[in-house]
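If you want the building blocks of each chain, they are given just below.
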Amino acid sequence: MQIYKVGGAVRDRLLGIPVTDIDWVVVGATTEEMLAKGFRPVGADFPVFLHPKSGEEYALARTERKSGRGYGGFTFHASPEVTLEEDLIRRDLTINAMAEDDQQNLTDPYHGQQDLKDRLLRHVSPAFAEDPLRVLRVARFAARYAGLGFTVAPQTLELMRQLADSGELQALTAERSWKEISRALMEDQPQIFIEVLRECGALKVLMPEVDALFGVPQPEAHHPEIDTGVHTLSVLQQSALHKLPLTVRWACLLHDLGKGLTPTEEWPRHIAHEHTGLKLIKAVNERFKAPKDCQELALLVGQYHTHGHRALELKPSTLLELLQSFDVYRRPQRFEEFIAACEMDARGRKGLEQRSYPQADYLRGAAAAARGVAVQPLLEQGFKGPELGEAIKRERLKAIKAYKEHA
Ligand code: CTP
C-alpha cells in the first residue's frame, strides 16, 4: 500500500501556513489490511480509519458517485484498484487535490500549485457539484485566504450559482451547515464568506433574512454607508478585527434583520426594527441549530442594541430592566458580549470605525453598581420571598440612580 498526505495539510504547507490537521489517503489497500495493521474504523459509510497512535485520519482511495439528492445520496467505491488521481479528481478545489509522499514528492494532476500561485479557488471537475456543502466551503476558504489575495474562479462561482439555483442547498443538514458557518465566522475576514455566498445566490437560499438587507437604506446621518447589508458586513468585519468570540460575531450578523421587514414607505427609518427582527433571528437560529449561547446572545442583541447606544440617556429604571433582562448578576460575561456587539454596531459604519464608544464603560459601571447591592443586610432586616426580590430591586435602582448622578 502507498500512503500520501492530502488536502489541507499539503495546501497549507505550500502556502507556508502552520498545519494543524493531517489527512492521509491510502492507495492499494483493503479494509482488512487496515484493520490488521491496527487502524480503527470510523463510521459505517466511509472507508476511513484512525491511526492507532497518532489518531490521524487515513482514508482508502475512493471514487464517489452521486446516486440521489442530499448528503445521504452517495454510493462509495473504495478498492485497491482506485488510483491516487481518481481519488483526487472527486475533491472540491484544485488546491485541496494535491498529494505528497513521505519524501515530499508532490502529485498534482489538477494544477493546484499553479492555482496557489494564481491565488485562485477553482473546482477540480464537475464532480464538485456532488456535495452542495462545497458552496459553503469555498466561501469559507475565500474568507480565510482573502488576506493572501485569493478569489473564487469565475467558472467555480458559476457552478456554485447553479447549485444554489438547483435547490440542492436545502438538502444540507443543519449540523453540516453550522460547522461551515461557525468556522467561517471565526476567520479574520468573515464578511467575505457572506459576500461570496451572496454573489452566487446561496445567501438568498440559506439566509434570505440577511440577503434581504442589501438595498435597504438607513438614515445617512447615523449610517454614512446607507445600505443595511453593507452595514451588517462592516459590523461583522469589526467583530473579527476585535477578535471577538463566535457568539458576538453571530449576533453582529443578525442584529438588524428587522430592517429587512420595514415597509418601503417608512424608509430610511426603521421604527421598532428591534422587535420585528426577533422572529427572523429566531428562525435563522433554529434553521442552523446554532448553539444555545449563540442563539441567546443574537436575540438579546437584536432586541436591545439600540438601548446600548442610548445607554447614557436611559432612565435608571430602564437601565435596571436592561440589566435584569441579561441576568447580569449571574451571567456577567453575556452582558460583556452584548456591550461588545453594540460597540461593533456603532463602529461598523463608514468612516466611524475608530469612534469612541463611551456607552461601553457606562454600561459596565451601571452593572457594577447593581451587582454591588448586598443581599445579606436585607435578609437581616427580615425580607423574605417576593418581598426580598422587591427590596433587592429597590436597592439596585437606588444604586443605579447614585451611579448615574456621579457618572
Ligand atoms: N473534501 C472535499 N469535499 C468536502 C470535504 C472535503 O473534497 N465536502 C476534501 C478536500 O480535498 C479537503 C480534504 O477532503 O482538502 C480534507 O477535508 P477537510 O479536513 O474538511 O478540509 P481541509 O481542506 O483540510 O481544510 P481545513 O483547513 O478547513 O480543515
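Above this text is the structure in question.
Residues numbered from 1 in each chain as written. Predicted model: local features only at pLDDT ≥ 70, side-chain atom pairs only at ≥ 80, totals over all residues. Heavy atoms only, no water.

Quick notes on the overall build of the protein
- In terms of helices and strands, the protein carries 20 helices and 11 strands.
- By the burial criterion, 52% of the 407 residues in the protein qualify as buried.
- The long-range fraction of contacts in the protein, counting pairs at least 24 apart against all pairs at least 6 apart in sequence, stands at 65%.
- Carbon together with sulfur atoms contributes 52% to the accessible area of the protein, which is approximately 19,000 Å² in total.
- Here the protein contributes 52 positive and 57 negative side-chain charges, whose respective centroids are spaced 5 Å apart. (Helix = DSSP H or I, 4+ residues; strand = E, 2+ residues; numbered from the N terminus. Buried < 20%, exposed > 50% of the residue type's maximum accessible area, 1.4 Å probe, protein only. Contact = heavy atoms within 4.5 Å. Areas by Shrake-Rupley, 256 points an atom, 1.4 Å probe, with all protein chains shown as cover. Lys, Arg positive; Asp, Glu negative; His and termini not counted. Charge placed at Lys NZ, Arg CZ, Asp CG, Glu CD.)

Comments concerning the site of the ligand
- Of all residues adjacent to the ligand, which total 14 residues, the nearest are Arg11, Asp92, Asp131, Arg140 and Arg144.
- Between the ligand and the protein, one listed contact pairs an oxygen atom with a side-chain N or O atom of Asp23 at 3.2 Å.
- The contact in question runs from an oxygen atom of the ligand to an N or O atom on the backbone of Asp92, over 2.8 Å.
- When each cavity is represented as a set of grid points, the ligand is found to reside in the largest pocket.
- Secondary structure elements with two or more residues in the shell around the ligand: helix 1 (8-15) and helix 5 (133-145).
- Per-element tally for the shell around the ligand: the top contributor is helix 5, with 5 residues.
- When the residues that make up the shell around the ligand are grouped by side-chain class, the tally is 1 nonpolar, 3 polar and 10 charged. (Near = heavy atom within 4 Å. Polar contact = N/O pair within 3.5 Å; in protein donor to acceptor, adjacent residues only side chain to side chain. 1 Å grid on protein atoms, 1.4 Å probe; cavity = no way out; pocket = protein on both sides within 12 Å on 5 of 7 lines; lining within 4 Å. Sits in = over half its atoms within 2 Å of the grid points. Nonpolar A, V, L, I, M, F, W, Y, C, P; charged D, E, K, R; others polar.)

As for the sheet that holds strand 2 (residues 23-27)
- With mixed pairing, 7 strands are arranged side by side in an open sheet as 3-4-5-2-1-8-9. Every interior strand has two partners, whereas the edge strands, strand 3 (40-42) and strand 9 (106-107), have only one.
- Alignment of strand 2 against strand 5 (residues 57-60), held across 4 bridges, turns out to be parallel. Within strand 5, the residue paired with Val25 across the bridge is Ala59.
- Running over the sheet, helix 1 touches strand 1 (2-6), strand 8 (99-100) and strand 9 and is turned about 55° from strand 1. (Pairing = 2+ DSSP bridges. Axes fitted to C-alpha atoms, helices over the stretch in contact; angles between N-to-C directions.)

A look at the environment of Ala391
- Relative to the assigned elements, Ala391 resides in helix 20 (residues 385-406).
- We classify Ala391 as buried; its relative accessible area is 1%.
- For the pair Ala391 and Leu379, spaced 12 residues apart in sequence, the C-alpha to C-alpha distance is 9.8 Å.

Focus on the layout of surface pockets
- Its volume calculated, the largest pocket comes out at about 1,500 Å³.
- Taken together, 41 residues make up the lining of the largest pocket; nearest its centre are Asp23, Glu57, Arg137, Lys179 and Arg183.
- Contributing elements (two or more residues each) for the lining of the largest pocket: helix 1, strand 2, strand 5, strand 6 (62-66), strand 7 (74-78), helix 5 and helix 7 (174-185).
- Per element, the largest residue contribution to the lining of the largest pocket is 7 residues, and it comes from helix 5.
- Residues of the lining of the largest pocket, tallied by class, amount to 17 nonpolar, 4 polar and 20 charged. (Points joined across faces, edges and corners; volume = space filled by probe spheres on them.)

Description of the nonpolar core
- By size, the foremost hydrophobic cluster in this structure holds 94 residues, and its most contacted members are Met207, Trp250, Phe335 and Phe338.
- In terms of residue count, the dominant contributor to this core is helix 5 (9 residues).
- Residue assignment places this core across two domains, with domain 1 (1-111) and domain 2 (376-406) each supplying three or more.
- Ignoring sequence-local partners within four residues, the contact set of Phe338 consists of Leu297, Leu300, Val301, Tyr304, His305, Gly308, Leu322, Phe326 and Leu363.
- The next biggest cluster of nonpolar side chains, apart from the first, holds 12 residues, and it includes Val6, Val27, Val82 and Leu84. (Core = buried A, V, L, I, M, F, W, Y, C linked by side-chain atoms within 4.5 Å. Domains from an automatic or database assignment.)

Topic: unusual backbone geometry
- Here the amide bond leading from Trp267 into Pro268 is cis, since omega sits at 0°, within 30 degrees of zero.
- Secondary-structure assignment places Pro268 in the loop between helix 12 (246-254) and helix 13 (273-276).
- Phi at Lys243 takes a positive value of approximately 55°, unusual for a residue other than glycine.
- Relative to the assigned elements, Lys243 resides in the loop between helix 11 (228-241) and helix 12.
- Positive phi, close to 45°, is recorded for Lys289, a residue that is not glycine.
- Along the polypeptide, Lys289 turns up in the loop between helix 14 (278-287) and helix 15 (292-309).
- Classification of Lys289 as exposed rests on a relative accessible area of 54%.

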